[in-house]
Amino acid sequence: MNRARLLIFGAVIAATAILAVLGYVSLRQWQASAELLFREQARDMATMAAEKVEMAILKTEEECLSSLQVILMDPVFRAESLDAWSRKNPLFDRVSLMDRQGRVLYPPGAPDAYPGLLLEIPQGLWERGGRRHLLVGDQVVLAAVIPGPSGAPVLAAMGRSEEAVKREVLAKTLGGLEGQSVLAVLDRADNQVYASRPVDRARLVLTVAFGEALPTWRVALYQPAGVSPVSGVRRQAMLFTAAFALLLVVIALGLGATYRVVRRESEMARLKSDFVANVSHDLKTPLSLIRMFGETLELGRVPDEATRREYYAVITRESERLTRLIDNVLDFSRIEGGRQRYDIAPHPVEPLVHDVMEAFRYPLAQRGFKVDVVVAPDLPDVPMDPAAVKQALGNLVDNAIKYSGERRRLAVAARAEGDRVAIEVADEGIGIPAAEAERIFEKFYRIGRSETQGSRGSGVGLALVKHIAEAHGGRVTVESRPGEGSRFTLYLPVVQGPLSPQGRGQGEGR
Ligand code: ADP
């Protein structure tokens, strides 16, 4: 049984631990994949922005070149037409035309604006025509070989204006990209040349290089503080962790509670089986005495009248004891089933105490008890169910006899204490350890020593006393010192206050 219980608890703990580890691992994975996904999306977005900018630049360059071509197709080359063209195409802030031999055709009379550029132009380009981007100093120069006014190819070298790129291209192409992230363009020195929104405290996620059209610049993607999807996932993960921790606490508390319940249940089961054994034993003793004395009398083997009377007295006494035992068990079962009811009406205390003492006169005398009974005069009548209070008092006296050892003194007293009457039963017996003083009022509870003291009992006597006291709106207390004796006091209120539900009913069952 114990091993099975341990196994179950072990299994629950192991399952919880596995769950905790799995939860932790999947949380980490979730976080990692969210981060990865976010970076991929960021890269896609930055790449897309870079391509868009590059295409816009290429398209503008294409248009500029086409219009330049038209001007150069005029067989009479006029520098003014090119001046006008320059003003209309602000993308380039410096334009120079030269022939294959390096003679500058435009601006007329000016020196070579891009010395050395000619060397960079391969033969093939002169022959087939075409264009490429070259870096001259910090400037990107578009070098295009196109047919000149005389039909011979000329080299158009056009320095791109950064200002125009910012104004005409970046603002127009990147301005429309909405989203939580901030897109920016950085130049070769990592200076920000453009940003879709102020970057402030945003975190740099990644940068993507442009292509050939903007060789030294990069697109940068920033994530504003607090809005990153990763921090969202982190928040969710924290929430999940907190919920999981709560779950673990609940499981632990549940385990603890279940363990306590199971332990209590098994203790209760043990106490119940002890109870059955003890009650059977308790019933057997008076029954066998009654039987033995009855049979002896029946066989007419008792010659003298005095002995016969003594035997009759034993039979009566033992049957009274039997009745008390059975009453205890039956009342206990009624209490357990919630069916116990008390008939409460004002009743004098003195006759009740004397009735109980009378019932115990013989066993007390037989065991040589010195008995003191003091009932204060003029005690007020107490609202009570007399049969129940007699039973409670009887149980206290019975215990005093059972647990008295060698010093056989019993003191019973009744007195008024404020608006209560206290009925006291004191012995000088074995006493009760302080740690057990509360527990002896629990059902089935017996101090381990009871067995070794040779007295058996059902373990429900004091539980009944407590129930009866509380049903009358009163209580029962015990003061005791092991080896010196015990004093049980039953307090019953004189003025009927609010009663516990059991006290209110009328006459059922008794
Ligand atoms: P039981 O049938 O065992 O007497 P009770 O409920 O009447 O059951 O008492 C519970 C336990 O309290 C007893 O087993 C005994 O150990 C202890 N007890 C009760 N009354 C006394 C007493 N007067 N002196 C010492 N121990 C007592």
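You'll find the structure just up there.
Residues numbered from 1 in each chain as written. Predicted model: local features only at pLDDT ≥ 70, side-chain atom pairs only at ≥ 80, totals over all residues. Heavy atoms only, no water.

It is not clear to me how the overall build of the protein should be interpreted in this structure. Could you clarify?
When helices and strands are tallied, the protein shows 13 helices and 16 strands. The principal-axis extents of the C-alpha atoms in the protein amount to approximately 170 × 50 × 40 Å. When burial is assessed residue by residue, the protein has 41% of its 510 residues classed as buried. Long-range pairs, those at least 24 residues apart, make up 66% of the contacts in the protein between residues at least 6 apart in sequence. Summing over all exposed atoms, the protein offers an accessible surface of approximately 27900 Å²; the carbon and sulfur share of this is 57%. A distance of 3 Å separates the average location of the 64 positive side-chain charges in the protein from that of its 62 negative side-chain charges. (Helix = DSSP H or I, 4+ residues; strand = E, 2+ residues; numbered from the N terminus. Buried < 20%, exposed > 50% of the residue type's maximum accessible area, 1.4 Å probe, protein only. Contact = heavy atoms within 4.5 Å. Areas by Shrake-Rupley, 256 points an atom, 1.4 Å probe, with all protein chains shown as cover. Lys, Arg positive; Asp, Glu negative; His and termini not counted. Charge placed at Lys NZ, Arg CZ, Asp CG, Glu CD.)

It is not clear to me how a nonpolar patch on the surface should be interpreted in this structure. Could you clarify?
Nonpolar side chains collect at one region of the surface, where Val-21, Tyr-24 and Val-25 lie side by side and expose about 290 Å² of accessible area between them. Along the chain, the position of Tyr-24 falls in helix H1 (residues 2–72). Accessibility expressed as a relative area gives 52% for Tyr-24, which makes it exposed. (Patch = residues over 30% accessible without salt bridge, like charges linked within 9 Å, V, L, I, M, F, W, Y side chains within 5 Å. Salt bridge = Lys/Arg side-chain N within 4 Å of Asp/Glu carboxyl O.)

Looking at this structure, how should I read the packing of H1 against helix H2 (residues 79–88)?
Geometry of a packed helix pair, given as the angle between the helix axes and the separation of the axes. The interhelical angle for the contact between H1 and H2, taken along N-to-C directions, is 165°, at an axis separation of 10 Å. With respect to H2, the element H1 is oriented roughly antiparallel. For the crossing formed where H1 meets H2, the hand is right-handed. For the pair H1 and H2, contact is made by Cys-64, Ser-67, Leu-68 and Ile-71 and by Ser-81, Leu-82 and Trp-85, respectively. Here the contact of H1 with H2 is built from residues that sort into five nonpolar, two polar and no charged. (Axes fitted to C-alpha atoms, helices over the stretch in contact; angles between N-to-C directions. Parallel < 35°, antiparallel > 145°, perpendicular 65-115°, else oblique. Left-handed = near helix turned anticlockwise from the far one by under 90°. Nonpolar A, V, L, I, M, F, W, Y, C, P; charged D, E, K, R; others polar.)

In this structure, what is going on with the environment of Val-382? I would like to understand it.
By secondary structure assignment, the location of Val-382 is in strand S12 (residues 382–384). For Val-382, a relative accessible area of 1% puts it in the buried group. The spacing of Val-382 and Ala-195 is 187 residues in sequence and 94 Å in space, taken between C-alpha atoms. Sequence-distant contacts of Val-382, defined by excluding residues within four places in its chain, comprise Ala-345, Pro-346, His-347, Val-349, Val-421, Leu-492 and Pro-493.

Function cannot be read off these values alone, since they describe shape.
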